[in-house]
Amino acid sequence: MAFETHGNCTACLVEGATTETWDDQAACSRLGVAVASRCRMCLRTTEGVSSADTAARLASGDGCPQCGATLDDACYEAHRCPFCGATADARETEPATSFPSPADVARALERWAEEEGLHDADALLSASFVGASVAALHAALQKREVIETTFDVADFLFSAGAGATAGSEVSAREPSRSDDAPDTIRAPSIPSLRRVGGAREELLALASVAAADGEASPEDHMALRRAATKRNHPPLLGDDIRVWRPAELDPPATLSRREELLEEMLQMAWADGQFDPSELRIVRDYGRAWGIDPERLDAMVQVYTFGDVSRFERWARRLALFLFPARS
Ligand SMILES: [Zn+2]
Ligand SMILES: [Zn+2]
């Protein structure tokens, strides 16, 4: 089955700019390389190739395409099977466009915005580039600086929106928020005098997940920083990064905001690359305290733990979700 993720562009250095297609029938994907990738900014494209492509038939299962051995994350990252030596690589099919003038940047953004169904380049800039100007972006591209974005990568991963091409075979995993998952119908009765939480409280809830299994890992810290940036809030420091009980924090004002935050907490649980029972317990505690229907919470957990997908798919999705460490 094919699926899509987003990743960092190694040519223009815009975070989350590439759309990557994976297929468990393809040798390259089973060695950690996307079948195809396209940068929505510089339009560089690559295709995955593998030494196992010449094999008469691929090994069955989702292990090494050549010898069938079960591969771990390190093998995916190295794009090489240590047992039989099969390798994979991303081969450039279209080079990156350069952006000599701000007008070139503006044109690229217009095109990208149109692809995303956004009104114009300004809409894209304010939604995903922390409001950077065309001139600032142009300067960063010229200097070859990494360009941070606030693409909600999880949205790309868990909804069929944004990157998915209409009518294509590729479909992002639909969380079927409205179909399968029962809605939390009744808003819980939060005492009316109670204050509601803002960005800081949301970050503390996320920190609770990060600290659930003991010490927050460097990946957890990175994910927390990103969550703070997204909220225009200074990053949490030292003592704030601990397990906070739901009762200690004022909850987000609306039910839908509480659900969104719970989803973000589930994503946070993936930041260190594994889903720990203690992290899940925290999310459930918050869900209960915030009046989220337990069945709905179960449905969310199902989606965010990637249910029963192949090993490389879980790896690729997790990589895209927590992203951006794979910068070389
Ligand atoms: Zn690019
Ligand atoms: Zn092998």
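Below or above, wherever it landed, is the structure these notes cover.

So, how was this worked out
- Residues numbered from 1 in each chain as written.
- Chains lettered and ligands numbered in written order.
- Predicted model: local features only at pLDDT ≥ 70, side-chain atom pairs only at ≥ 80, totals over all residues.
- Heavy atoms only, no water.
- Helix = DSSP H or I, 4+ residues; strand = E, 2+ residues; numbered from the N terminus.
- Buried < 20%, exposed > 50% of the residue type's maximum accessible area, 1.4 Å probe, protein only.
- Contact = heavy atoms within 4.5 Å.
- Areas by Shrake-Rupley, 256 points an atom, 1.4 Å probe, with all protein chains shown as cover.
- Pairing = 2+ DSSP bridges.
- Donors = N, O, S within 2.8 Å, 3.2 Å for Na, K, Ca; no water.
- Tetrahedral: all angles 85-135°; square planar, octahedral: opposite > 155°, others 65-115°.
- Axes fitted to C-alpha atoms, helices over the stretch in contact; angles between N-to-C directions.
- Parallel < 35°, antiparallel > 145°, perpendicular 65-115°, else oblique.
- Nonpolar A, V, L, I, M, F, W, Y, C, P; charged D, E, K, R; others polar.
- Expected span 1.5 Å × (residues − 1).

Helix and strand counts for the chain stand at twelve helices and five strands. When the 328 residues of the chain are sorted by exposure, 48% land in the buried category. If you take every contact in the chain between residues at least 6 apart in sequence, the share linking residues at least 24 apart comes to 65%. Accessible surface, the chain: about 15700 Å² in total, of which carbon and sulfur atoms supply 50%.

All right, on to the pairing of strand S1 (residues 2-7) then. Among the six residues of S1, five are classified as buried, and the element is accordingly described as predominantly covered. Across six bridges, S1 lies against strand S2 (residues 18-23) in antiparallel orientation. Along S2, the bridge assignment pairs glutamate 4 with threonine 21.

Take the coordination of the zinc ion (ligand 1) next. Every protein donor of the zinc ion (ligand 1) is listed here as Cys9 (SG), Cys12 (SG), Cys39 (SG) and Cys42 (SG), and their distances to the metal cover 2.2 to 2.3 Å. Considering all four donor atoms around the zinc ion (ligand 1), the spread of angles at the metal, 106 to 120 degrees, places the coordination shape in the tetrahedral class. In primary-sequence terms, the residues that donate to the zinc ion (ligand 1) follow C-x2-C-x26-C-x2-C. Summarising the burial analysis for this pair, cysteine 39 and cysteine 42 share the class buried.

In the first shell of the zinc ion (ligand 2), the protein supplies Cys64 (SG), Cys67 (SG), Cys81 (SG) and Cys84 (SG), at 2.2 to 2.3 Å from the metal. Around the zinc ion (ligand 2), the four donor atoms are arranged such that angles at the metal cover 105 to 114 degrees; this shape is classified as tetrahedral.

Running from N to C, helix H7 (residues 199-210) and helix H10 (residues 277-289) point in directions that differ by 150 degrees, and their axes come no closer than 8 Å. Taken as axis vectors, H7 and H10 run roughly antiparallel relative to one another. Contact with H7, carried on its side by Ala205, Ser208 and Val209, involves Glu279, Ile282, Val283 and Tyr286 of H10 and no other residues of that element. Tallied by class, residues from the contact of H7 with H10 come to five nonpolar, one polar and one charged.

As a further point, take the environment of alanine 216. Examined against the element boundaries, alanine 216 turns out to sit in the loop between H7 and helix H8 (218-230). For alanine 216, a relative accessible area of 14% corresponds to the buried category. Considered as a pair, alanine 216 and arginine 242 are 26 residues apart in the sequence and their alpha carbons are 8.2 Å apart. Apart from residues lying up to four places away in sequence, alanine 216 is in contact with Ala210, His221 and Ile241.

The subject of this paragraph is the side chain of threonine 19. Positionally, threonine 19 belongs in strand S2. With sequence-adjacent residues up to four places away left out, threonine 19 is seen in contact with Glu4, Thr5, His6, Ala36, Ser37, Arg38 and Arg40.

This part is about unusual backbone geometry. The phi dihedral of leucine 13 falls on the positive side, at around 65 degrees, and the residue is not glycine. Of the residues examined, leucine 13 reaches a relative accessible area of 18% and is grouped as buried. Even without being a glycine, arginine 144 presents a positive backbone phi close to 55 degrees. Looking at the secondary structure, you find arginine 144 in the loop between helix H5 (134-142) and helix H6 (153-158).

All right, on to the sheet that holds strand S4 (residues 45-50) then. Spatial strand order, S1-S2-S3-S4-S5: five strands in an open sheet with antiparallel pairing. The sheet is open, and its two edges are formed by S1 and strand S5 (88-94), each paired on a single side. Geometrically, the sheet is characterised by an average inter-axis angle of 25 degrees between neighbouring strands, direction not taken into account. One ladder, built from six bridges, connects S4 with S5; its direction is antiparallel. Along S5, the bridge assignment pairs glutamate 47 with arginine 91.

It is worth spelling out helix H3 (residues 102-115) at this point. A rise of 1.5 Å per residue sets the reference length of H3, with its 14 residues, at 20 Å; its end C-alpha atoms lie 20 Å apart and thus fit the reference within 8%. Along H3, the residues that are buried comprise Asp104, Val105, Ala108, Leu109, Trp112 and Ala113. In the core, the buried residues of H3 are packed alongside helix H4 (121-128) and H5.

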